[in-house]
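Here are the chains, one letter per residue:
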Amino acid sequence: MAIPDIQPERYNEQLAQKRAYLESTFAPFNPPALEVFESPPSHYRQRCEFRIWHEGDDLFYAMFEVNPANPKEKQVVRLDQFAVASESINALMPRLREAFLKSDELRRRLFQVEFLTTLSGEALVTLIYHRPLGEAWEQEARALEAELGIMIIGRSRKQRLVLTRDHVWEQLTVDGRTLDYQQVENSFTQPNAHICQKMLGWAREVTAGRQKEDLVELYCGNGNFTIALADNFRRVLATEISRTSVASANVNLEANKVTNAYIARMSAEEFALALKGEKGGRRVAEMALDDYRFSTVLVDPPRAGLDEQSCQQISEYDQIVYISCNPATLAENLQVLGKTHRIERFALFDQFPFTDHCECGVWLTRSEIGQEGA
């Protein structure tokens, strides 16, 4: 993996390249004009992880770059600061390193450091070791928590010591409202909070005016979209397979006083069977599927996109909001979805500046004569 070369003065240039790539990739589907949502050109990631590299009495944060001449060879790159990471992470990096250098208990067999921060400045730091952690480590780690105003978790094999709590509370501003999100250590959250706010605002805009209809959401994670979109609909049914994410989503529903959404712990494949009446059981009964009037589906799938069966499933809804972290698989899925739906809105969310990564979104509506992808 290449470490991003952050050059803020060239931000518009790199964004133009992504724009051109998306416009070219999706041209066969005749989309409307691309809406482009910019990121801060640096300090945009609220979470990062670094290896800790030990050299004699010294240690430092490290990442690895593959040698282009020999893909099997990795080069250690020392990082004293990291322009990709939030300002909070950059402020903590030297102070933590200094604490490690001063304390044999904190540094011994320290393997990796993971940061999870918020826009408001909360910071949770996970220290991962190749040794068991005991009372001496906990005592010094608690003192470090107090000194730096952070929260610390210690991890080693079969050990997880949570000193204060295992999550941060992120506050996102969407359509003038403040939404509160519990973000749990070692679980997926949107890394670029600035872009996440814009993405949620866009999704609210394209789904506005459907208070008499219901939304079904697949791959809902910790309820990121669920909470932002709930008041656009009569009811929301969201599904997620991760037990940790479902628990966090329910906490987030309560924190935001959302009462018209239900989170089901179920895979997208299982849910498809439940909708067809081919899957029963307690979890299916609790969903009370007959009570819903679904008009809209939101999907935010993994990089692999949706399989053909899932595409056929979501094509049964009048409205589709598809958030994609991989334009190539979205384009493949549109070969199927384009037979029944047309693209009404098309957006680029620049989650990761100065990388090849493109996050995009499409809003699809049912067309009487579907458009065929080329």
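Calculation criteria
Residues numbered from 1 in each chain as written. Predicted model: local features only at pLDDT ≥ 70, side-chain atom pairs only at ≥ 80, totals over all residues. Heavy atoms only, no water. Helix = DSSP H or I, 4+ residues; strand = E, 2+ residues; numbered from the N terminus. Buried < 20%, exposed > 50% of the residue type's maximum accessible area, 1.4 Å probe, protein only. Salt bridge = Lys/Arg side-chain N within 4 Å of Asp/Glu carboxyl O. Expected span 1.5 Å × (residues − 1). UniProt positions renumbered as here; feature names shortened; annotations may be inferred. Contact = heavy atoms within 4.5 Å. Polar contact = N/O pair within 3.5 Å; in protein donor to acceptor, adjacent residues only side chain to side chain.

In the nomenclature of an unreviewed UniProt entry, the chain corresponds to tRNA/tmRNA (uracil-C(5))-methyltransferase from the organism Vreelandella populi.

Participant: Would you take a moment to explain the environment of Gln335 for this structure?
Facilitator: Inspection of the secondary structure puts Gln335 in helix H11 (residues 327-337). On the accessibility criterion, Gln335 (31% relative accessible area) is partly exposed. A sequence separation of 306 residues divides Gln335 from Phe29, and the C-alpha atoms of the two residues are 8.7 Å apart.

Participant: Explanation requested: the pattern of salt bridges in the structure shown.
Facilitator: Opposite charge on two side chains permits them to pair, given that their charged atoms come into close proximity. Inspection of every chain in the model, using the stated rule, returns 24 salt bridges. Two residues, Glu98 and Lys102, come together in a salt bridge whose shortest N-O distance is 3.1 Å. Remark: Lys102 and Glu98 occur in helix H2 (residues 87-102); sequence separation between them is four residues, near one turn of the helix. A relative accessible area of 44% places Glu98 in the partly exposed class. The class of Lys102 is exposed, set by a relative accessible area of 66%. One continuous salt-bridge network, built from bridges that share partners, spans Asp58, Arg78, Asp80 and Arg97.

Participant: Explain helix H4 (residues 135-148) here, please?
Facilitator: Structural remark: α-helix, 3.6 residues per turn; residues separated by three or four positions point the same way. The terminal C-alpha atoms of H4 lie 20 Å apart, and with 14 residues this matches the ideal 20 Å at 1.5 Å per residue to within 8%. In the stretch just after H4, Gly149 is the one whose phi turns positive, near 70 degrees.

Participant: Any chance you could explain the UniProt feature "binding site: S-adenosyl-L-methionine" (unreviewed entry) in the chain here in plain terms?
Facilitator: UniProt annotation of "binding site: S-adenosyl-L-methionine" (unreviewed entry) refers to Gln190, Tyr219, Asn224, Glu240 and Asp300 when read in the numbering used here. Within the secondary structure layout, Tyr219 lies in the loop between strand E11 (210-218) and helix H6 (224-229). Beyond its immediate sequence surroundings of up to four residues, Tyr219 is in contact with Thr239, Glu240, Ala268, Glu269, Asp300, Pro301, Pro302 and Leu306. With respect to the helices and strands, the residue Glu240 is situated in strand E12 (residues 233-240). We classify Glu240 as buried; its relative accessible area is 11%. Separated by 2.8 Å, the side chain of Glu240 and the backbone nitrogen of Gly221 make a polar contact.

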